[in-house]
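Chain and residue survey
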Amino acid sequence: MIISTLTAASLALIGGFLSAPVLVDEHLNRVHPPSGKAPSTATVALHQSLWIADLHADSLLWQRNLNRDGQRGHVDFPRLQRANVALQAFSVVTKTPRKMNIERNGSDTDNITALVVAQGLPPATWNSLLARAAYQADELRQQAAKSDGKVRVIGSRAQLRSFIAAREKNPNLLAGWLTLEGAHALEGKLDNLDTLYRAGYRMAAPTHFFDTELSGSQHGLKKGGLTPLGRQWLRAMEQRKMIVDLAHASPATIDDVLTLAKRPVMVSHTGVRGTCANGRNLSDAQLKRIAAQGGLVGIGFWNTAVCGKDVASIARAIAYTVKLIGAEHVAYGSDFDGAVTTAIDASGLPRLTQALLDAGLSEAQIRRVAGENVRDFLLKNLPDDDA
């Protein structure tokens, strides 16, 4: 009887532990109730004619079946396809500090370890950030392989060109590409960059919410610039035609990268201080310098980025940035499934198109911001060869 009771208690404990990631996902990745004007018939027609791309979604972290519609969170393949999204960046998170905040975090704690254990990922991922990155990259490829040919993973200019041509014949096609949120997955070893490249990663940020061996984070303890290893990393990234992402980078890191970089950079997901003044967001001077070097800035969809809970707040930030640096340097950087509550999920993107029109953007500007900028940037800056 005691054994049976202990077994039942143990099973209940294990069951509760294994169900926790779903509950955490449902709690953290929510959507604000819709507000504002619904898209008009004309807006829906315009939206369906756009080539849409988003620069940041952390959906792979949550081990969902992305081929299932509306399971939870912000993103799955059907919702992206229904919203006419052509290209989605799937960013991979390998470590985040406990009590994470935008001001000051150390690197001595980690939320992700408990998550990967609870989700039943292989033991190799429990203690290795590199293994976590490799696993999530393989997860995207496996999920795409189960999409009945509707989803591709691209990693080169040739693959992107092939996808663009195929999508002209079949507008329901979707492509994903792999990006890395914080190069701590290198585990301090520059040689591991080749491992990440082979896994399919084509963009990486030097930091996330804490300082790394490469550079300071805007949210770290020291907030310094590029370290000597970070300077080597920048050169190695450029040699491989991997794109540098400056989201979460400290001001000193942004300055160092822009001083040394020989290729344009991206900021995958951010806000701008001109409409939302806090330390997470970019200043006008930073925006102008990024644009002057041919860079691209993805505007986020969550409150800390845009100081609002509706699509009008996102549109306001986009309109401000377009006016400041030009429509050709602005993109979507939603931060879908990034443990944030957003104004819309992927299926709500037509509402954003309406908000951009209401904010005064022209159809030509909306086309650039909604995805043509990302498409053209990648056609110029991805590696040439098939990945």
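Cut-offs used in this document
- Residues numbered from 1 in each chain as written.
- Predicted model: local features only at pLDDT ≥ 70, side-chain atom pairs only at ≥ 80, totals over all residues.
- Heavy atoms only, no water.
- Phe/Tyr/Trp six-rings, centres within 6.5 Å; stacked < 30°, edge-to-face > 60°.
- Helix = DSSP H or I, 4+ residues; strand = E, 2+ residues; numbered from the N terminus.
- Buried < 20%, exposed > 50% of the residue type's maximum accessible area, 1.4 Å probe, protein only.
- Lys NZ or Arg CZ within 6 Å of the ring centre and 35° of its normal.
- Expected span 1.5 Å × (residues − 1).
- Polar contact = N/O pair within 3.5 Å; in protein donor to acceptor, adjacent residues only side chain to side chain.
- Core = buried A, V, L, I, M, F, W, Y, C linked by side-chain atoms within 4.5 Å.
- Contact = heavy atoms within 4.5 Å.
- Disulfide = S-S within 2.5 Å.
- Pairing = 2+ DSSP bridges.
- Right-handed = clockwise from strand over helix to strand, strands pointing away.
- pLDDT = per-residue confidence, 0-100.
- Salt bridge = Lys/Arg side-chain N within 4 Å of Asp/Glu carboxyl O.
- 1 Å grid on protein atoms, 1.4 Å probe; cavity = no way out; pocket = protein on both sides within 12 Å on 5 of 7 lines; lining within 4 Å.
- Points joined across faces, edges and corners; volume = space filled by probe spheres on them.
- Nonpolar A, V, L, I, M, F, W, Y, C, P; charged D, E, K, R; others polar.

Quick word on the packing of aromatic side chains
For any two aromatic rings, the description comes down to two numbers: the centre-to-centre distance and the angle of the planes. Taken as a whole and judged by the stated rule, the model has 3 aromatic pairs. Each ring, one from Phe 77 and one from Phe 90, has its centre 6.3 Å from the other, and the planes form 85°; the classification is edge-to-face. Residue Phe 77 is found in helix 3 (residues 77–82), and its partner Phe 90 is found in strand 2 (residues 85–93); the two are separated by 13 residues along the sequence. We classify Phe 90 as buried; its relative accessible area is 1%. Geometrically, the ring pair formed by Phe 301 and Tyr 332 is edge-to-face, given 5.8 Å between the ring centres and 70° between the ring planes. One end of the pair, Phe 301, is in the loop between strand 8 (296–299) and helix 12 (303–306); the other, Tyr 332, is in strand 9 (residues 330–332), with 31 residues separating them in the sequence. Aromatic ring contacts, followed pair by pair, group Phe 301, Tyr 332 and Phe 336 into a single cluster. Over the ring of Tyr 197 we find Arg 202; its NZ or CZ atom is 3.7 Å from the centre of that ring.

Considerations on helix 6 (residues 129–145)
With 17 residues, helix 6 should reach 24 Å at 1.5 Å per residue; the first-to-last C-alpha distance of 25 Å fits that figure. What helix 6 keeps buried is the set Leu 129, Leu 130, Arg 132, Ala 133, Gln 136, Ala 137, Glu 139, Leu 140, Gln 143 and Ala 144. Its side-chain oxygen placed 3.4 Å from the backbone nitrogen of Leu 130, Ser 128 serves as the N-cap of helix 6.

A look at the nonpolar core
Of all hydrophobic cores here, the largest spans 82 residues; its most connected members are Tyr 201, Trp 233, Leu 246, Ile 318, Tyr 332, Leu 349 and Leu 352. In terms of residues, this core owes the most to one element, helix 13 (residues 311–325), which gives 7 residues. Among residues more than four places away in sequence, those in contact with Tyr 201 are Val 92, Ala 133, Ala 134, Gln 136, Ala 137, Leu 178, Thr 179, Leu 180, Leu 196 and Met 242.

So, the state of the cysteines
Per the counting criterion, the structure on display carries 1 disulfide. Shown here is the disulfide that connects Cys 276 with Cys 307, its sulfur atoms set 2.1 Å apart. On the sign convention where negative is left-handed, the bridge of Cys 276 and Cys 307, at about 75° about the S-S bond, is right-handed. Residue Cys 276 is found in the loop between strand 7 (266–270) and helix 11 (284–292), and its partner Cys 307 is found in the loop between helix 12 and helix 13; the two are separated by 31 residues along the sequence.

Considering the pairing of strand 5 (residues 201–204)
Of the pairings in the sheet, the one linking strand 4 (residues 174–181) to strand 5 comprises 3 bridges and is parallel in character. What sits directly across from Leu 180, in strand 5, is Ala 204. For the segment spanning strand 4, helix 8 (residues 192–199) and strand 5, crossover handedness is right-handed. As defined by bridge partners, strand 5 adjoins strand 6 (residues 243–244) across 2 bridges and the pair is classed as parallel. Within strand 6, the residue paired with Met 203 across the bridge is Ile 243. This β-α-β element, strand 5 to helix 9 (residues 228–239) to strand 6, shows right-handed connectivity.

Here we look at the confidence of the model for the chain
On average, residues of the chain carry a pLDDT of 93, and 95% of them reach 70 or more. Across the chain, element-level confidence peaks in strand 9 with a mean pLDDT of 99 and bottoms out in helix 1 (residues 2–28) with 56. Scored below 50 in pLDDT, residues 1–18 shows 4 contacts in the model against residues more than four places distant or in partner chains.

Re the pattern of salt bridges
Within the structure shown, the criterion is met by 16 salt bridges. Note that Asp 358 is salt-bridged to Lys 37, the shortest N-O span being 3.3 Å. With a gap of 321 residues between them, Asp 358 in helix 14 (residues 349–358) and Lys 37 in the loop between helix 1 and helix 2 (41–49) connect regions that are remote in the sequence. Residues Asp 384 and Lys 241 are paired through a salt bridge, measuring 2.9 Å at the closest nitrogen-oxygen approach. Within this pair, whereas Asp 384 is found in the segment after helix 15 (363–381), its partner Lys 241 is found in the loop between helix 9 and strand 6, the two being separated by 143 residues in sequence. Via salt bridges that share partners, Asp 25, Arg 64, Arg 72 and Asp 337 belong to a single interconnected network.

Notes on empty space enclosed by the protein
Tallying each qualifying case throughout the model produces 3 cavities of 30 Å³ or more. Surrounding the largest cavity, 17 residues form its lining, Ala 249, Ile 254, Arg 280, Asn 281 and Leu 282 being those nearest its centre. Put simply, the parts of the chain that give the lining of the largest cavity at least two residues each are helix 10 (251–260) and strand 7. No other element matches the 3 residues that strand 7 contributes to the lining of the largest cavity. Of the residues that constitute the lining of the largest cavity, the class distribution is 7 nonpolar, 8 polar and 2 charged.

Side note on the pairing of strand 1 (residues 52–57)
The element strand 1 is extensively covered by neighbouring structure, given that 6 of its 6 residues are classed as buried. As judged from the 4 bridges shared by strand 1 and strand 2, these two strands associate in the parallel manner. By the bridge assignment for strand 2, Asp 54 is matched with Gln 88.

So, the environment of Lys 222
By the secondary structure assignment, Lys 222 is in the loop between strand 5 and helix 9. Relative accessible area serves as the criterion here: at 76%, Lys 222 is assigned to the exposed category. Spatially, the C-alpha atom of Lys 222 lies 7.2 Å from that of Asp 211, the residues being 11 residues apart in sequence.

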